[in-house]
Amino acid sequence: MTQSQKITPCLWFDNNAEEAANYYASLFPGSRIGQILRYGDAGQEITGKPPGSVMTVDFELAGYHFTGLNGGPQFTFTPAISFYVTCETEAEIDLLWSGLSQDGMALMELGKYDWSEKYGWVMDRYGLSWQIALGKLADVGQTITPLLMFVGEQHGRAEEAIKLYTEVFGNSTIDGILRYTAGEEDTEGTVKHAQFGLNHEKFMAIDSGFEHAFSFNEAISFEIACETQTEIDYFWAKLTADGGEEGSCGWLKDKFGVSWQVTPKALQEMISDPDPARTERVTQAFLQMKKFDIETLKRAYVGAAA
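Residues numbered from 1 in each chain as written. Predicted model: local features only at pLDDT ≥ 70, side-chain atom pairs only at ≥ 80, totals over all residues. Heavy atoms only, no water.

Colleague: Honestly, the overall build of the protein chain in this entry has me stumped. Any pointers?
Modeller: Summing up its helical and strand segments, the protein chain has nine helices and 16 strands in all. Here the C-alpha atoms of the protein chain give a radius of gyration of 20 Å, agreeing with the 19 Å that 2.2 N^0.38 yields for 306 residues. Counting only C-alpha atoms and orienting by the principal axes, one finds that the protein chain spans roughly 65 × 40 × 35 Å. Total accessible area computed for the protein chain in this model is approximately 13900 Å², and 50% of it derives from carbon and sulfur atoms. (Helix = DSSP H or I, 4+ residues; strand = E, 2+ residues; numbered from the N terminus. Rg over C-alpha atoms; globule rule 2.2 N^0.38 Å. Areas by Shrake-Rupley, 256 points an atom, 1.4 Å probe, with all protein chains shown as cover.)

Take a look at the structure:
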């Protein structure tokens, strides 16, 4: 899986996105650091970021594309979204666990569990959560898979979310849903584990009825790369429906509290243009937007009057 991903996890860091990207790339095989974009003068009063400092870092881990964003201290990672890593050998698990647990904290110690001969859940030094398990890559289709945990007010809604997401995105599948049965440790009928695909990309989901002091927040969002305004309008309408919330600069929350960014592909090219006047105009334009308007961005890019 490469940067052609339709849906890319965006990780919100407090000014250490580049450091984190390099750290993760040192641990996962098949990794690389991609484009780095920097803050300009535009919007400094809003972002508070000094011009020239790192804004975003694109990186791939085991062929899976992420974006790291230096957003500030407003949001911190929670285990409501973690990344499930499928390893085919114990040596792979041991190496990853050693690296990710360094200066981190084990949420479930590495060991043998009912669902895996070797498994562990760790929060790394940046607070990001990883579930590492021995398994067969062919059963999942990708090494790293986002896993959404529905807790608190969202508990019991994992299956509803899966149905919504697979209806909204093309090329989607529900690969399997395992539910809790009577006498098990959680609420009967809720999702014990589910795997589904959105636009050929795999996701997982679980319900947890235990008491948790966290839920979904903006620290992890999913960026949807859109080719056209029609596509932007479609995803924006579908994901804000029935209680979702519109945010700024293409951000929104769906009715489950999961954050998404509905972004035109053309924006990446515009804000990485070597001409600072162009990037400043585009930045000023999109800072005024909720849902992105491609034509307005294009006019700002070329310097045309609105």
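Now that the structure has been shown, the text picks up again.
Colleague: Is there a simple way to think about the nonpolar core in this case?
Modeller: In a soluble, globular protein the nonpolar side chains are often hidden away together inside. Tyr24, Leu100, Trp130, Ile132, Tyr165, Trp260 and Phe286 are the most contacted members of the largest nonpolar core, which has 83 residues in total. Setting aside residues up to four positions removed in sequence, Phe286 forms contacts with Cys249, Leu267, Ile271, Phe292 and Leu297. Counting residues in hydrophobic clusters, the runner-up holds ten residues, among them Tyr84, Trp121, Ala133 and Ile206. (Core = buried A, V, L, I, M, F, W, Y, C linked by side-chain atoms within 4.5 Å. Buried < 20%, exposed > 50% of the residue type's maximum accessible area, 1.4 Å probe, protein only. Contact = heavy atoms within 4.5 Å.)

Colleague: Looking at this model, I keep getting lost on the packing of aromatic side chains. Mind explaining?
Modeller: Given two aromatic rings, one states the distance between the centres and the angle between the planes to describe the pair. Under the definition given, this model contains 28 aromatic pairs. Seen from their ring centres, Phe203 and Phe222 are 5.7 Å apart, and the 70 degrees between their planes marks the pair as edge-to-face. Taken together, the residues span a long stretch of sequence, with Phe203 in strand β12 (residues 201–207) and Phe222 in strand β13 (residues 220–226) at a distance of 19 residues. For Phe203, a relative accessible area of 2% translates into the label buried. Classification of Phe222 as buried rests on a relative accessible area of 1%. (Phe/Tyr/Trp six-rings, centres within 6.5 Å; stacked < 30°, edge-to-face > 60°.)

Colleague: Explain the pattern of salt bridges here, please?
Modeller: Any two side chains of opposite charge can pair, on the condition that their charged atoms come close. Enumeration according to the criterion identifies 17 salt bridges in this entry. Salt-bridge contacts for Lys192 lead to Glu184; the nearest nitrogen and oxygen are separated by 2.6 Å. Exposure remark for Glu184: the relative accessible area of 30% places this residue in the partly exposed category. Taking the shortest distance from any N to any O, the salt bridge between Arg278 and Asp273 comes out at 3.4 Å. (Salt bridge = Lys/Arg side-chain N within 4 Å of Asp/Glu carboxyl O.)

Colleague: Looking at this model, I keep getting lost on the layout of surface pockets. Mind explaining?
Modeller: The gaps left among the atoms become clear once a water-sized probe is rolled over them. Taken as a whole, the second largest pocket holds about 970 Å³ of empty space. The wall of the second largest pocket is formed by 37 residues, among which Trp115, Gln131, Lys192, His193 and Ile206 lie closest to the centre. Within the lining of the second largest pocket, the residues separate by chemical class into 20 nonpolar, nine polar and eight charged. (1 Å grid on protein atoms, 1.4 Å probe; cavity = no way out; pocket = protein on both sides within 12 Å on 5 of 7 lines; lining within 4 Å. Points joined across faces, edges and corners; volume = space filled by probe spheres on them. Nonpolar A, V, L, I, M, F, W, Y, C, P; charged D, E, K, R; others polar.)

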